[in-house]
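Remarks on the overall topology
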Amino acid sequence: MFLHEGFEVIKRLRSQGNQTPVMIVSGRNEDYDSLYGLSVGADDYITKPFRPLVLGAKVKALIRRNKNQMLESSDILECGSFTYNNSTMRFYKNGREIVFSSKESSLMLLFLKHPGQVFTKDMIYDHVWGNSVAIDDNSIMVYINRLRGKIEEDRQKPVHIVTVRGLGYRFIP
């Protein structure tokens, strides 16, 4: 009974477009079982008893394959009217390229990857500058102001990079 429920879960995942890697570990070792599992969308099938080293190698291979597929399919990041091309490392708003400095690019990419999330100045510092350089709050505000100047219609009335009083900044696509 449980075996068939697992197959149904895999079918449902795949029908919804979910490409999460799936490995079936089963005590059933008939060819039919493994062929059916693979046909419904499993990425691998291993039967018990198995050697732990073999299982570990198969899991690593599955993760490596999935990571490579994610890198290949994630060339374009779209968020509202904003687009980032990972291959060319270029940003666009409504199809028009926006040129950023290195730090501005890092900051904008952080916002694009996490729309709606509030970032404190400490979080921005950690993500953009890391532990290598000590900067003050004014530096972050300068970079936010520069970004606003490049992406907002009116930097005095921002609609994309908004200040959340007492907390930090939120990106609204």
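Given the structure is predicted, the values throughout are model-derived calculations rather than measurements. (Residues numbered from 1 in each chain as written. Predicted model: local features only at pLDDT ≥ 70, side-chain atom pairs only at ≥ 80, totals over all residues. Heavy atoms only, no water.)

Some points on helix H2 (residues 31-39)
Within H2, burial applies to Asp33, Ser34 and Gly37. Down the axis, H2 shows its buried residues gathered within 90 degrees of arc, on one side only. In H2, the exposed positions that point more than 90 degrees away from the buried face belong to Asp31, Tyr32, Leu35 and Ser39. Of the residues flanking the end of H2, it is Gly41, one or two places downstream, whose phi is positive at about 125 degrees. (Buried < 20%, exposed > 50% of the residue type's maximum accessible area, 1.4 Å probe, protein only. Helix = DSSP H or I, 4+ residues; strand = E, 2+ residues; numbered from the N terminus. Arc of directions from axis to C-beta.)

Concerning the sheet that holds strand E4 (residues 82-85)
If you trace the 4 strands from one edge of the open sheet to the other, you get E3-E4-E5-E6, paired in antiparallel fashion. Strands with a single pairing partner mark the edges of an open sheet, and in this sheet they are strand E3 (76-79) and strand E6 (96-98). The average undirected angle you get between the axes of adjacent strands in this sheet is 25 degrees. Judged from the 4 bridges that link them, E4 and strand E5 (residues 90-93) form a sheet pairing that is antiparallel. (Pairing = 2+ DSSP bridges. Axes fitted to C-alpha atoms, helices over the stretch in contact; angles between N-to-C directions.)

Remarks on the packing of helix H5 (residues 121-129) against helix H6 (residues 137-151)
Contact pair H5 / H6: the axes reach a minimum separation of 10 Å and the direction vectors enclose 75 degrees. For the element pair H5 / H6, the angle class is roughly perpendicular. Across from Lys121, Ile124, Tyr125 and Trp129 in H5, the residues of H6 making contact are Asp137, Ile140, Met141, Tyr143 and Ile144. For the contact of H5 with H6, the class distribution of residues is 7 nonpolar, no polar and 2 charged. (Parallel < 35°, antiparallel > 145°, perpendicular 65-115°, else oblique. Contact = heavy atoms within 4.5 Å. Nonpolar A, V, L, I, M, F, W, Y, C, P; charged D, E, K, R; others polar.)

Things to note about the pattern of salt bridges
Enumeration according to the criterion identifies 6 salt bridges in this entry. Residue Glu8 is joined to Lys11 by a salt bridge in which the shortest nitrogen-to-oxygen separation is 3.4 Å. A residue pair is termed a helical-turn pair when its members lie 3 or 4 positions apart in one helix, as Glu8 and Lys11 do in helix H1 (residues 2-15) at 3 residues. Given the relative accessible area of 39%, Glu8 is considered partly exposed. When its relative accessible area of 33% is taken as the criterion, Lys11 is described as partly exposed. Between Glu104 and Lys150 there is a salt bridge; the shortest N-O distance is 2.7 Å. You can see Glu104 sitting in helix H4 (residues 102-113) and its partner Lys150 sitting in helix H6, a full 46 residues away along the chain. (Salt bridge = Lys/Arg side-chain N within 4 Å of Asp/Glu carboxyl O.)

Concerning the side chain of Arg148
Locating Arg148 in the fold gives a position in helix H6. With no salt bridge to any partner, buried Arg148 finds its closest opposite charge in Glu152, at an N-O distance of 5.1 Å. Apart from residues lying up to four places away in sequence, Arg148 is in contact with Arg155, Pro158, Ile161, Val162, Thr163 and Tyr169. (Lys, Arg positive; Asp, Glu negative; His and termini not counted.)

Looking at the layout of surface pockets
Quantified by volume, the largest pocket comes out at close to 160 Å³. Together, Lys93, Asn94, Arg96, Glu97, Ile98, Val99, Lys150, Ile151, Glu152 and Glu153 line the largest pocket. Broken down by secondary-structure element, the contributors of at least two residues to the lining of the largest pocket are E6 and H6. Per element, the largest residue contribution to the lining of the largest pocket is 3 residues, and it comes from E6. (1 Å grid on protein atoms, 1.4 Å probe; cavity = no way out; pocket = protein on both sides within 12 Å on 5 of 7 lines; lining within 4 Å. Points joined across faces, edges and corners; volume = space filled by probe spheres on them.)

Topic: the pairing of E3
In terms of strand pairing, E3 meets E4 through 4 bridges, oriented antiparallel. Across the sheet, Glu78 pairs through a bridge with Thr83, a residue of E4. Between E3 and E4, which pair antiparallel one after the other, the connecting turn spans 2 residues, and Gly80 there sits at a positive phi close to 65 degrees.

Comments concerning the nonpolar core
Within the largest apolar cluster, 25 residues are counted, with the highest numbers of intra-cluster contacts made by Leu107, Met108, Phe111, Ile124 and Phe171. With 6 residues, H4 is the largest single contributor of residues to this core. Ignoring anything within four residues of it in the chain, the contact list for Phe111 reads Phe119, Ile124, Ile144, Leu147, Ile161, Tyr169 and Phe171. Counting 7 residues, the second largest nonpolar core, distinct from the first, contains Val22, Ile24, Ala42 and Tyr45. (Core = buried A, V, L, I, M, F, W, Y, C linked by side-chain atoms within 4.5 Å.)

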